[in-house]
Amino acid sequence: MTETAIQFEHVRKSFGNEVVIPDLNFKINQGEFITILGSSGCGKTTTLKMVNGLLKPSAGKIMVNSQQISELDLVRLRRHTGYVVQQIGLFPHITVAENIAVVPRMLQWDQEAIKQRVDELLTLVQLAPAEYRDRYPKQLSGGQQQRVGVARALAANPPTVLFDEPFGALDALTREKLQEEIKQIHTALQGKTFLFVTHDINEALFLGQRVMVMKDGRIEQFATPTEIVSHPATNFVRELLGTVQQNQALWRDFND
Amino acid sequence: MTQQIIQYFQNNSSQYWQYVGQHLWLCTSAMLIAMVIAFPLGYLGSRNKTIANFCTLFSQVLRIIPSLALLFLLIPFLGTGYWPALTALVVLAFPPLLVNTILGFNEVSPLYKEVGSALGMTAQELRRKVEIPLALPYLLNGVKLALVEVIASATLATYIGAGGLGTLIFTGLGLYDMSYVVIGGVSVALLSLLAMIGFDFLISEVQKNDRNSNSV
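Please read these numbers as outputs of a predicted model, since none were measured by experiment.

What counts as what
Residues numbered from 1 in each chain as written. Chains lettered and ligands numbered in written order. Predicted model: local features only at pLDDT ≥ 70, side-chain atom pairs only at ≥ 80, totals over all residues. Heavy atoms only, no water. Helix = DSSP H or I, 4+ residues; strand = E, 2+ residues; numbered from the N terminus. Rg over C-alpha atoms; globule rule 2.2 N^0.38 Å. Contact = heavy atoms within 4.5 Å. Lys, Arg positive; Asp, Glu negative; His and termini not counted. Charge placed at Lys NZ, Arg CZ, Asp CG, Glu CD. Buried area = accessible area lost by both parts, 1.4 Å probe. Salt bridge = Lys/Arg side-chain N within 4 Å of Asp/Glu carboxyl O. Polar contact = N/O pair within 3.5 Å; in protein donor to acceptor, adjacent residues only side chain to side chain. Buried < 20%, exposed > 50% of the residue type's maximum accessible area, 1.4 Å probe, protein only. Pairing = 2+ DSSP bridges. Axes fitted to C-alpha atoms, helices over the stretch in contact; angles between N-to-C directions.

J.: Please clarify how the overall build of chain A should be interpreted in this entry.
T.: Counting its regular elements, chain A contains 11 helices and 10 strands. In terms of overall size, chain A behaves like a compact globule, its C-alpha atoms giving a radius of gyration of 19 Å where 256 residues would be expected to give roughly 18 Å. Taking the principal axes of its C-alpha atoms as reference, chain A extends roughly 55 × 55 × 40 Å. Contacts spanning at least 24 positions in sequence make up 67% of the contacts within chain A whose residues lie at least 6 apart. Charge centroids of chain A, computed over 27 positive and 28 negative side chains, lie 5 Å from each other.

The following block contains the structure:
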C-alpha cells in the first residue's frame, strides 16, 4: 500500500487581486517522480513553493506525509525537504563541501558523519570528492554547480525533493546528461518523492513517472507519459504534444 | 628642518608616542561605538524603508556640517576634552558606516535568502551564515571610509583639548615652527594611509571567493 506524500485539497493562491491558482487538487504517492509541466506563469513554481511553505496558500489544505503544513514547524519541514532551483544558488562564500553540509550542520550531525556524507554525495553526483570538495562555487562550471545543488538538496536524506526548473539554464548536452543522472539517482535512492517543475515537454515526459500538465493554475491532465501521449485530455495537451511532433517532422525532413 | 625633526625625536620620543597613543585611542573608541550603533541600525535600514530614508537624510545633513563646527557645537553641552571629541567623532563616523551597511545588506541577492530559508535556516541563521558574510565587504568598506575620516578629524579634536597628533600641528603653527607641523601632519597622513591599505587588503581577502559567482 503506497502512502500519500503530498496532497493538495482545494488550494487557492492569489497575489493581491490576481488569482494564480483557483482550485488545485492532487495527490502524490511516496516514492513517485512527478513532473509539473506548463508555460511560464501557469502557477507551477507557485505550486512547488507552497509544498515547503515558501508561499502560503490563500485557502485550502496542503498535506505533507498526512500532516497539514500550516500546523508544522516550517524550519523543520524545510530541513527535511530538498530544494533545487534554476539559479542554483550555491552560497559563494563557502566551499562545495560546506555548501552540501549546510543542512546536516544545522541538524547537528557530528563532523565525521558530515564529511562522509559529503564525499558520498559528491560521488553520487559524479564529482570526484578529493578534487571538488574544497573548491568554491565560482570555480565550477554551471553543470558542476547544479550537481552540487542536487547534492546539497539530498544531504540530510530528505524524503521529498523539490526541483524548480533545475536544468533550465544549462546547455543542451549538460542538461541531457543531468536528466539521465537525476533519473538514475531517483531509482537508486528508492522511496524518495521527487517533484520536478519544468517547461520542457521532453524533459517532463522523460523524467516523470506521472506528468502534471498545468495551464492558468489548473491541472489539464495528470497521468503517466504514455497515457498523456496516447490520450491527451484537452486541446492544450494536444497542442503541447504537437510541438514535439513538429520537431520530429523537422528531423524527418532533414534525414530524407 | 630635517635636523630639527631628528632632534625632536631624540628629545621627545616619549611625548610623540603619547600623542600617537591618544590619537589612536580616540579613533578606535569612536569607531567601536559608532559600529555598535550603525551596524544594527543599517541592517534594520536595509529591511525598512522609513529607517533607510531617515539614515540617508541624517547622513546628508551631517555631511554639510564641517567637522570643526561639530566639535565646537558640542562644547556648550559637553565642555572640552575627551568626551565631546569622542562624541563628535562617533557622529562623524556614522554616515559612511550607515550608508555602506544599508547598501551591503541590500546587495545580498534575494536568491540566497530564498535558498537559505528553503534549506530550513531560521532568521538568525540566515543572518549569521548568509547575509552578514555576503555583506561583509561592504561593511568593511564603510569602516575604512569612516576610519579615514575619523583619523583626519581627530586632528582637530586637539582644539577642544582632547590631545592627539593635532597637538603637534597646532603647537607648530602657534610657535611658527614648521618641523612640528610636518611631524604631526605626516604622522596623521601615514596613519590614514595605513588604515586604508590595511582595509583594502582585508576587503580583497574577504571577497576573494564571492566575486563573479552570481552568474550561473
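More follows now that the structure is in view.
J.: Would you mind showing me how to read the interface of chain A and chain B here?
T.: It is common to give the size of an interface as the accessible area that goes away when the parts come together. Tallying the contact residues gives 23 residues for chain A and 23 residues for chain B. Summed over both partners, the interface of chain A with chain B buries about 2200 Å², with 67% contributed by carbon and sulfur atoms. On the chain A side of the interface with chain B, the three residues burying the most area are A:P92, A:H93 and A:K138, jointly 28% of the side's total. Linking chain A with chain B are two salt bridges, by the criterion used here. Residue B:E114 is joined to A:K49 by a salt bridge in which the shortest nitrogen-to-oxygen separation is 2.9 Å. At the surface where chain A touches chain B, the tally comes to seven residue pairs in polar contact (both at pLDDT 80 or more). At the level of secondary structure, the elements contributing two or more residues to the side of chain A that touches chain B comprise α2 (74–79), β6 (81–85) and α4 (102–106) of chain A.

J.: Help me understand the pattern of salt bridges, please; the structure alone is not making it clear to me.
T.: It is possible for side chains bearing opposite charge to pair when their charged atoms get close. Residues and elements named next belong to chain A. Counting across every chain of the model gives 14 salt bridges over all chains. Here E131 makes a salt bridge to R135, at a shortest N to O gap of 3.2 Å. A relative accessible area of 24% places R135 in the partly exposed class. Via salt bridges that share partners, R147, K177 and E181 belong to a single interconnected network.

J.: What should I look at first to understand helix α1 (residues 44–51) of chain A in this one?
T.: Because an α-helix packs 3.6 residues into every turn, residues spaced three or four apart end up facing the same way. Among the eight residues of α1(A), seven are classified as buried, and the element is accordingly described as predominantly covered. Looking only at α1(A), the buried set comprises A:K44, A:T46, A:T47, A:L48, A:K49, A:M50 and A:V51.

J.: What exactly am I supposed to notice about the sheet that holds β6(A) here?
T.: Sheet strands line up and pair through hydrogen bonds in the backbone, either parallel or antiparallel. Residue and element names in this part refer to chain A. Taken in spatial order, the six strands make up an open sheet running β6-β7-β8-β3-β9-β10, and their pairing is mixed. Edge positions in the sheet fall to β6 and β10 (218–223), since each of these pairs with one other strand and no more. Neighbour-to-neighbour, the strand axes of this sheet turn through a mean angle of 15°, independent of strand direction. Across five bridges, the pairing between β6 and strand β7 (residues 160–164) is parallel. Bridging across to β7, T81 finds its partner in T160. Against the sheet, helix α11 (residues 235–255) contacts β3 (33–37), β9 (210–215) and β10, and its axis sits at roughly 110° relative to β9.

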